[in-house]
Amino acid sequence: MTLSFQAAVAGRGFDVDLAVQPGETVAVMGPNGAGKSTLLASIAGLLRPDRGRAELNGKTLFDLDGGNRTWVPPHHRGTALLAQEPLLFPHLSAVDNVSFGPRSAGVPKRDAREQAMRWLADVKAEDLAARRPAELSGGQAQRVAVARALAADPALLLLDEPLAALDIHSAPLLRRLFKRVLAGRQAIIVTHDVLDALMLADRVVILENGRIAEEGPTREVLERPRSSFAAGLAGLNFVPGTLDGAGVRTGDGLKVSGHDEEAGHLTTPGRPGVAVFPPSAVSVFLTAAHGSPRNSFPVTITDLEPHGDQVRVRAGSLAADITPAASADLGLVPGMAVHFVVKAAAVSVYGT
Amino acid sequence: MNRPAAPRTDRPRTHAAAYSGIPAWVRALAAVAAVVVVLPLLAMMLRVDWARFVPLVTSEPSLTALALSLRTSAASTLLCILLGVPLALVLARDSFRLQGLLRSLVLLPLVLPPVVGGIALLYTFGRQGLLGQTLEVLGLRIAFSTTAVVLAQTFVALPFLVVSLEGALRTSGSRYEAVAATLGARPGTVFRRVTLPLVLPGLASGAVLSFARSLGEFGATLTFAGSLQGVTRTLPLEIYLQRETDPDAAVALSLVLVAVAVAVVALAYRQPGAGRRGRERTTAATPAGGDVR
């Protein structure tokens, strides 16, 4: 019960090698255009990669390597796809939508209907059975769509931002539903929301520019991000460079001192590494602050924005969170040259 | 529906119209356009000899022609559906070389003079035609038969069905089909249970338009099938023939075709949603005036 997937689509700069273990839910995250939808479409059979091979539970999905031309059409793959929009068939009632999968598998009408009612009950939507999709709210329709996907008995469930189109009232309910139905189920969920990854997935895969930038258990990735996208998700400042004695030196000569996360790595200079620190640890000064062990970077403010009860001061890719009072005292405006100061003790440095 | 008593201020009496921004001269030209279409029909109706209308319309040649027209138009509409649905699907959803060229060629009969279509058909299925000799060997003689009438009608009517169905297929997109396939439905099942029901309104209006075009077919029919009473003389041909001998009969029969055309247009271009089956309940999302039956 595993998925092994390796495929490349030259036209989209997509080249991904991914495995999903039995009963494992993997969250796929990344910026727009990173290849998340390409990944799902290739697995579901809606897109034909240029090369690669994939297997699900020992069954070949496609094998396009070394002159092979094996290609299993979507309806023989057992990979139900649930998209951002529910896409319920508008001419069928909710229960007929849910029984569509079993009916397509050849289950007699009455049995398929019984199964559909059971799945509708499982997502707490049995009272919606007779309704047409046009009579359902967004949250109700997505619940019926979940039942429809599960009723098809997929070996692998593919979820493409299933909560993105829902309003803030229905999303938590659906998230709890996913938490329940994804437990012990083999699934891939594409999401923009770090909460989905934390709550629903065992592992997170970060895609950037059609390649896997980083992957690992969700908590580990968020605590020790190795890609700027993951650092952004975790809300951390991220300075990539090369390890250099007591810190990281960036390409343009900036040096960030920090404490050694993996004892010994700082003593092997020249390796690629990152310095990571939370915006809340950064103070803003009008003049360069001295006194070791502190880092002081001259920066130009690009943006000021509210962030909870703080003001987030952005300067390029770096951010500092300060109180509104401090911001007013300093008279901060975009375009102003200031110094970001962070204690070395608040900076984690590790190799990548 | 109760309309509140008109208030004294001179507000528009019907529902307040949004600002349209149409210049007065455009309105005037639009009125002229409407007159160009409506006036000839009106003029014809003024010439109808109502006293003799029923006997003229129910005379033996008239009824024969009407029956033949209805029979052949029904047959060609069926043929259009049978061949046009696959063609529209391939044009809308597939991608292959020369697809654009095929689409243009299929639409050609829309703009081609029907008599040219008739000549083309004659040189395909006629005795001296491309396939005619082969068919002759098989004992099939198509030209100047009822089959020729159906073929001529199908030739001119097929684009109507293909165009309206291809539009409907493009509008509905193929996302439902993709979902259906990932739920385990094979292509045949997807076509039957998802694609066809979704584009049924487009298919229906396309079929109605094809039927109307078949019913009005004249030029290609006359060229390719001739004008044999009871065999190839459809209602438009009968009208043209009667015009020489009995103009009153021609006018009366024309009125019958106008009536059929009005019914067809009403069927094909009824308000979207007005004919939907009424199991839907009103929800907050239903726009005001939504049909509840």
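Residues numbered from 1 in each chain as written. Chains lettered and ligands numbered in written order. Predicted model: local features only at pLDDT ≥ 70, side-chain atom pairs only at ≥ 80, totals over all residues.

*Asks:* For the overall build of chain B, give the residues involved together with the corresponding values.
*Replies:* On a plain count of helices and strands, chain B comes out with 12 helices and zero strands. Tracing chain B from N to C terminus, the helices and strands come up as α-α-α-α-α-α-α-α-α-α-α-α. Out of the 293 residues in chain B, the part that is buried amounts to 33%. Taking all contacts inside chain B whose residues are at least 6 apart in sequence as the whole, residues at least 24 apart take part in 73%. (Helix = DSSP H or I, 4+ residues; strand = E, 2+ residues; numbered from the N terminus. Buried ≥ 20, exposed ≤ 12 C-beta atoms within 10 Å, placed from the backbone. Contact = placed C-beta atoms within 7 Å.)

*Asks:* An account of the overall build of chain A is requested, with residue identities and associated values reported.
*Replies:* Scanning chain A for helices and strands turns up 10 helices and 23 strands. Expressed along its principal axes, the backbone C-alpha trace of chain A runs to roughly 80 × 50 × 35 Å. Counting all 352 residues of chain A, 42% fall into the buried class. Pairs at least 24 residues apart make up 65% of the contacts formed inside chain A by residues separated by at least 6 positions.

*Asks:* Give a description of the sheet that holds strand β4 (residues 51–56) of chain A that names residues and reports values.
*Replies:* Residue and element names in this part refer to chain A. Spatially, five strands are ordered β2-β1-β4-β5-β6 in an open sheet, and the strand pairing comes out antiparallel. Every interior strand has two partners, whereas the edge strands, β2 (14–20) and β6 (70–71), have only one. Bridging between strand β1 (residues 3–9) and β4 involves six bridges; their strand directions are antiparallel. Paired with Ala 8 across the bridge in β4 is Arg 51. (Pairing = 2+ DSSP bridges.)

*Asks:* Pulling in residues and values, what's your account of the packing of helix α2 (residues 50–57) of chain B against helix α12 (residues 247–268) of chain B?
*Replies:* All names here are of chain B. Where α2 meets α12, the axes come as close as 9 Å, and the angle between the chain directions of the two elements is 75°. If you check the angle between α2 and α12, you find them roughly perpendicular. Taking contact as the criterion, the partners of Arg 52, Phe 53, Leu 56 and Val 57 in α2 are, on α12, Asp 248, Ala 249, Ala 252, Leu 253 and Val 256. Class assignment for the residues of the contact of α2 with α12 results in seven nonpolar, no polar and two charged. (Axes fitted to C-alpha atoms, helices over the stretch in contact; angles between N-to-C directions. Parallel < 35°, antiparallel > 145°, perpendicular 65-115°, else oblique. Nonpolar A, V, L, I, M, F, W, Y, C, P; charged D, E, K, R; others polar.)

*Asks:* Got a sec to walk through the domain arrangement of chain A? Specific residues and values, please.
*Replies:* How big an interface is tends to be stated in terms of the accessible area lost upon association of its parts. Each assigned domain of chain A is listed with its residue range as follows: domain 1 (3–223) and domain 2 (243–351). Measuring from the centre of the C-alpha atoms in domain 1 of chain A to the corresponding centre in domain 2 of chain A gives 40 Å. (Domains from an automatic or database assignment.)

*Asks:* Let's hear about the sheet that holds strand β23 (residues 348–351) of chain A: which residues, and what values?
*Replies:* All names here are of chain A. With respect to topology, six strands assemble into an open sheet ordered β14-β13-β12-β16-β23-β15, the strand pairing being mixed. Taken across any chain shown, the strands that pair with only one partner, and hence form the sheet edges, are β14 (255–257) and β15 (259–260). Sheet analysis places strand β12 (residues 237–244) next to strand β13 (residues 247–249), joined by three bridges and oriented antiparallel. Of the residues in β13, the one forming a bridge with Thr 242 is Arg 249.

*Asks:* Tell me about unusual backbone geometry, residues and numbers included.
*Replies:* With a phi angle near 45°, Glu 161 of chain A is a residue other than glycine that sits in the positive phi range. Topologically, Glu 161 of chain A is positioned in the loop between β8 (156–160) and α6 (170–182). The residue Phe 144 of chain B is not glycine, and still its phi comes out positive at about 60°. Phe 144 of chain B gets classed as partly exposed once you count the C-beta atoms within 10 Å, which come to 18.

*Asks:* An account of the environment of Arg 180 of chain A is needed here, citing residue identities and associated values.
*Replies:* Residue and element names in this part refer to chain A. Note that Arg 180 resides in helix α6. The exposure class assigned to Arg 180 is exposed, which follows from the 11 C-beta atoms found within 10 Å. C-alpha separation for the pair Arg 180 and Arg 203, spaced 23 residues apart in sequence, amounts to 17 Å.

*Asks:* Just give me the short version of the nonpolar core, but keep the residues and values in it.
*Replies:* Val 98, Val 144 and Leu 158 of chain A together with Ala 152 of chain B are the most contacted members of the largest nonpolar core, which totals 139 residues. The greatest single-element share of this core, amounting to 16 residues, is contributed by helix α7 (residues 146–172) of chain B. No fewer than three residues from each of domain 1 (3–223) and domain 2 (243–351) of chain A sit in this core. For Ala 152 of chain B, the contacting residues outside a window of four places in its chain are Gly 118, Leu 121, Glu 217, Ala 220, Thr 221, Phe 224 and Ala 225 of chain B. Leu 56, Leu 66, Val 251 and Ala 252 of chain B belong to the second largest nonpolar core, which has 11 residues in total. (Core = buried A, V, L, I, M, F, W, Y, C linked by C-beta atoms within 7 Å.)

*Asks:* Please set out the environment of Arg 127 of chain B residue by residue, giving values where relevant.
*Replies:* Residues and elements named next belong to chain B. Mapped onto the fold, Arg 127 is located in the loop between α5 (114–125) and α6 (132–137). Expressed as a C-alpha distance, the spacing of Arg 127 and Gly 167, which sit 40 residues apart in the sequence, is 38 Å. Residues within four places of Arg 127 in sequence aside, it is in contact with Gly 132, Glu 136 and Ala 143.

*Asks:* Give a detailed account of the pairing of strand β21 (residues 318–322) of chain A, specifying residues and quantitative values.
*Replies:* Residue and element names in this part refer to chain A. Sheet analysis places strand β20 (residues 310–315) next to β21, joined by five bridges and oriented antiparallel. Paired with Val 311 across the two strands is Ile 322, which belongs to β21. The hairpin formed by β20 and β21 contains two residues between the paired strands, and Gly 316 there has a positive phi angle of roughly 65°.

*Asks:* If you had to explain α6 of chain A to someone new, which residues and values would you point to?
*Replies:* Residues and elements named next belong to chain A. For α6, with 13 residues, the first-to-last C-alpha span of 18 Å sits near the 18 Å given by 1.5 Å per residue. Among all positions in α6, only Ala 171, Leu 177, Phe 178 and Leu 182 are buried. Taken down its axis, α6 places every buried residue within 120° of arc, on the same side. Residues of α6 that are exposed and point more than 90 degrees away from the buried face comprise Arg 176 and Arg 180. Looking at the buried side of α6, the elements it contacts are β3 (25–29), α5 (138–151), β9 (187–190) and α7 (194–200). Trailing α6 by a residue or two, Gly 184 shows a phi angle of about 75°, which is positive. (Expected span 1.5 Å × (residues − 1). Arc of directions from axis to C-beta.)

*Asks:* Give a description of the pairing of strand β5 (residues 59–63) of chain A that names residues and reports values.
*Replies:* Residues and elements named next belong to chain A. In terms of strand pairing, β4 meets β5 through four bridges, oriented antiparallel. Its bridge partner being in β5, Glu 55 is matched across the sheet by Thr 60. In textbook terms, the turn of a hairpin is the stretch between consecutive antiparallel strands, and for β4 and β5 this stretch comprises two residues, one of which, Asn 57, has a positive phi near 50°. Pairing between β5 and β6: two bridges, direction antiparallel. Among the inter-strand pairings, Asp 63 is bridged to a residue of β6, identified as Thr 70. A loop of six residues connects β5 with β6, the two strands running antiparallel in sequence, and Gly 66 in this loop sits at a positive phi of about 55°.

*Asks:* Account for the packing of helix α3 (residues 60–93) of chain B against helix α9 (residues 187–216) of chain B, naming residues and giving values.
*Replies:* Packed helices, taken two at a time, are described by the angle between their axes plus the distance between the axes. Residue and element names in this part refer to chain B. Packing of α3 against α9 leaves a shortest axis separation of 9 Å and a crossing angle of 140°. If you check the angle between α3 and α9, you find them oblique. Crossing geometry of α3 relative to α9 is assigned as right-handed. On the side of α3, the interface is formed by Ser 69, Thr 72, Ser 73, Ser 76, Thr 77, Cys 80, Ile 81 and Val 85, while α9 contributes Leu 203, Ala 207, Ser 210, Phe 211, Ser 214 and Leu 215. (Left-handed = near helix turned anticlockwise from the far one by under 90°.)

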